[in-house]
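Fold and contact review
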Amino acid sequence: MRYLTAGESHGPQLTTIIEGVPAGLTLFAEHINEDLARRQKGYGRGRRMQIEKDEVKILSGVRHGKTLGSPITLVVENRDWKHWTNIMGIEPLVDDTEEVKRKVTRPRPGHADLNGAIKYGHRDMRNVLERSSARETTVRVAAGAVAKRILSELGIRIASHVVEIGGVKAEHIAYTSLEELQRVTEQSPVRCFDAEAEKKMMAAIDEAKEKGDSIGGIVEVIVEGVPTGVGSYVHYDRKLDAKIAAAIVSINAFKGVEFGIGFEAARRFGSEVHDEIIWSKETGYTRKTNRLGGFEGGMTTGMPIVVRGVMKPIPTLYKPLMSVDIETKEPFAASIERSDSCAVPAASVVAEAVVAWEIAAAIVEQFGQDRMDLIIQNVENMRRYAKEF
Ligand SMILES: Cc1cc2nc3c(=O)[nH]c(=O)nc-3n(C[C@H](O)[C@H](O)[C@H](O)COP(=O)(O)O)c2cc1C
């Protein structure tokens with residue numbers, strides 16, 4: 001499975017074309033809209049989130065609520081397009097004034113603006129920022145929602161939550177089930193399981209906002225029920241943990257990734273890191289602990305996949321950092337396009353989407369590609385085989 005996304009932040013629409021989704025998967029717009037709404041929530045978001053109210057249109061690849069096996073086209077229209085028809089118009093401008101073009105000549109530190117402008121030769125950095133904006137993650141969440149439908153049919157559960165914002169750590173995250181984790185975090189303005197930490201995180205966001213500053217954090221995605229042996233130890237580019245790591249770091253503003261105890265492994269003895277193998281007739285092979293977060297040798301162990309991603313603070317600041325105007329070469333305070341002060345809660349939904357995509361794609365590749373019913377059978381066979389092995 002693969003997908004491409006297209007569209008500018010303030011252009012008429014965002015589009016994704018998804019190829020390779022098996023036939024016979026139940027898919028409705030509501031499945032996707034639910035996740036689009038989750039991405040738009042979160043304490044610390046700016047005004048645009050309130051006007052947007054994203055909704056998907058499915059334009060191909062689905063008939064009467066079932067996928068056909070042909071490419072699926074998903075479109076999310078820009079509800080504010082009428083205010084951008086001149087600035088972002090496709091046709092050449094009649095009124096070619098600077099005011100109409102809203103030209104950007106001051107690159108914002110921490111954004112793609114300057115490097116992208118140099119790379120493509122754009123003197124107007126709007127040509128860069130319109131595409132590099134995290135608005136693009138809308139359609140990545142849409143593609144992820146399709147992947148989540150595949151996982152759901154295979155009895156694989158996925159959830160995401162926020163474990164740290166601006167240095168405030170969630171301490172009490174001993175959830176009894178993924179369902180409980182999901183239920184609690186969906187109600188939390190910062191998607192945090194720990195109620196005490198939630199309050200402190202919101203206070204930290206308020207403080208940053210007051211100062212005209214921004215804060216980052218850490219999100220965690222958990223996936224349960226993935227059969228043993230998904231991924232590969234045979235080739236570097238088929239290792240599923242590597243694919244997931246790349247997917248996480250590909251999210252705007254994500255700078256790091258870890259599985260299980262992650263970087264903490266560097267500080268422990270081997271005996272305190274590796275997970276001992278046990279066997280019982282009822283469960284087959286499992287591990288006593290899950291410190292490695294569900295991966296050994298680039299393949300799933302059958303234990304929950306636990307992956308964390310680090311998001312840097314949002315780079316656009318109301319208290320702007322200094323930059324240089326590329327026309328005058330004079331120092332200037334970086335221009336503000338629009339900004340959230342913290343997008344970590346929303347980003348956890350994006351992280352969930354990209355992880356879901358990588359796992360679904362690996363399963364479809366490994367267990368047959370064309371028909372959902374055959375994939376379900378093959379996965380069931382693999383589960384039985386692993387248990388009896
Ligand atoms: C959900 C989400 C929302 C974001 N919102 C903003 C924002 O409002 N303002 C901003 O400057 N950056 C925002 N970002 C981060 C930038 O898009 C990102 O830092 C920038 O494109 C540069 O890419 P890099 O940080 O990966 O190098 C957001 C990121 C995500 C994942």
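Quick notes on the rules
- Residues numbered from 1 in each chain as written.
- Predicted model: local features only at pLDDT ≥ 70, side-chain atom pairs only at ≥ 80, totals over all residues.
- Heavy atoms only, no water.
- UniProt positions renumbered as here; feature names shortened; annotations may be inferred.
- Helix = DSSP H or I, 4+ residues; strand = E, 2+ residues; numbered from the N terminus.
- Rg over C-alpha atoms; globule rule 2.2 N^0.38 Å.
- Buried < 20%, exposed > 50% of the residue type's maximum accessible area, 1.4 Å probe, protein only.
- Contact = heavy atoms within 4.5 Å.
- Areas by Shrake-Rupley, 256 points an atom, 1.4 Å probe, with all protein chains shown as cover.
- Lys, Arg positive; Asp, Glu negative; His and termini not counted.
- Charge placed at Lys NZ, Arg CZ, Asp CG, Glu CD.
- Pairing = 2+ DSSP bridges.
- Near = heavy atom within 4 Å.
- Polar contact = N/O pair within 3.5 Å; in protein donor to acceptor, adjacent residues only side chain to side chain.
- Nonpolar A, V, L, I, M, F, W, Y, C, P; charged D, E, K, R; others polar.
- Axes fitted to C-alpha atoms, helices over the stretch in contact; angles between N-to-C directions.
- Parallel < 35°, antiparallel > 145°, perpendicular 65-115°, else oblique.
- Left-handed = near helix turned anticlockwise from the far one by under 90°.
- Core = buried A, V, L, I, M, F, W, Y, C linked by side-chain atoms within 4.5 Å.
- Phe/Tyr/Trp six-rings, centres within 6.5 Å; stacked < 30°, edge-to-face > 60°.
- Lys NZ or Arg CZ within 6 Å of the ring centre and 35° of its normal.

- Per an unreviewed UniProt entry, the protein chain is named Chorismate synthase, and its organism is Anoxybacillus ayderensis.
- Recorded under Subunit (unreviewed entry), the UniProt text for the protein chain is reproduced unchanged: "Homotetramer."
- What UniProt records for the protein chain under Catalytic activity (unreviewed entry) is the sentence "5-O-(1-carboxyvinyl)-3-phosphoshikimate = chorismate + phosphate".

Notes on the overall build of the protein chain
- Along the protein chain, the regular secondary structure elements total 11 helices and 17 strands.
- By the compact-globule yardstick of 21 Å for 389 residues, the protein chain fits well, its C-alpha radius of gyration being 22 Å.
- The principal-axis extent of the C-alpha atoms belonging to the protein chain is close to 75 × 50 × 40 Å.
- By the burial criterion, 48% of the 389 residues in the protein chain qualify as buried.
- Within the protein chain, counting contacts between residues at least 6 apart in sequence, those at least 24 apart form 68% of the total.
- Accessible surface for the protein chain amounts to roughly 19,200 Å². Of this, 54% is attributable to carbon and sulfur atoms.
- One way to put it: in the protein chain the 53 positive side-chain charges average out to a point 1 Å from where the 55 negative ones average out.

Observations regarding the sheet that holds strand β15 (residues 305–311)
- Across the sheet, which stays open at both edges, the 5 strands sit in the order β8-β7-β9-β15-β10 with antiparallel pairing between neighbours. Whereas interior strands pair on both sides, the edge strands pair on one side only; in this sheet they are β8 (168–169) and β10 (254–259).
- Pairing between β10 and β15: 5 bridges, direction antiparallel. From the neighbouring strand, phenylalanine 259 faces β15, where its bridge partner is valine 307.

Concerning the site of the ligand
- The full set close to the ligand counts 18 residues, and His111, Ala253, Lys312, Thr316 and Asp340 are the nearest of them.
- In this structure, an oxygen atom belonging to the ligand sits 3.3 Å away from a main-chain N or O atom of serine 132.
- In the environment of the ligand, an oxygen atom lies 3.4 Å from a nitrogen or oxygen atom belonging to the side chain of asparagine 252.
- Bound to the protein, the ligand loses 89% of the 630 Å² it would expose on its own.
- Of the residues belonging to the shell around the ligand, the class tally is 7 nonpolar, 6 polar and 5 charged.

With respect to the packing of helix α9 (residues 240–249) against helix α10 (residues 344–366)
- Here α9 crosses α10 at 150°, and the two axes come no closer than 9 Å. The angle between α9 and α10 places the two elements in the roughly antiparallel class. The hand of the α9/α10 crossing is right-handed. Here Leu240, Lys243, Ile244, Ala247 and Ile248 of α9 come into contact with α10, specifically with Ala351, Val354, Val355, Glu358, Ile359, Ala362 and Glu365.
- The class makeup of the residues in the contact of α9 with α10 is 9 nonpolar, no polar and 3 charged.

Here's the deal with the nonpolar core
- Formed by 77 residues in total, the largest nonpolar core has its most connected members in Ile359 and Ile363.
- For this core, the element with the highest residue contribution is α10, accounting for 16 residues.
- Excluding its chain neighbours within four sequence positions, the residues that come into contact with isoleucine 359 are Leu151, Val223, Val226, Leu240, Ile244 and Ile305.

A word on the packing of aromatic side chains
- A complete count under the given rule lists 4 aromatic pairs for this structure.
- Ring geometry for tyrosine 175 versus phenylalanine 193: centroids 6.2 Å apart, planes at 80°, classification edge-to-face. Taken together, the residues span a long stretch of sequence, with tyrosine 175 in the loop between β8 and α7 (178–187) and phenylalanine 193 in the loop between α7 and α8 (195–210) at a distance of 18 residues.
- Residue tyrosine 175 is classed as partly exposed on the basis of its relative accessible area of 23%.
- Seen in terms of ring centroids, phenylalanine 259 and phenylalanine 295 are 5.4 Å apart; in terms of plane orientation they differ by 80°. Their pairing is edge-to-face. In this pair, phenylalanine 259 is assigned in strand β10 and phenylalanine 295 in strand β13 (residues 295–296), connecting sequence segments 36 residues apart. As far as burial versus exposure is concerned, phenylalanine 259 and phenylalanine 295 are alike and both buried.
- Between the NZ or CZ atom of arginine 106 and the centre of the ring of phenylalanine 332, over which it lies, the distance is 3.6 Å.

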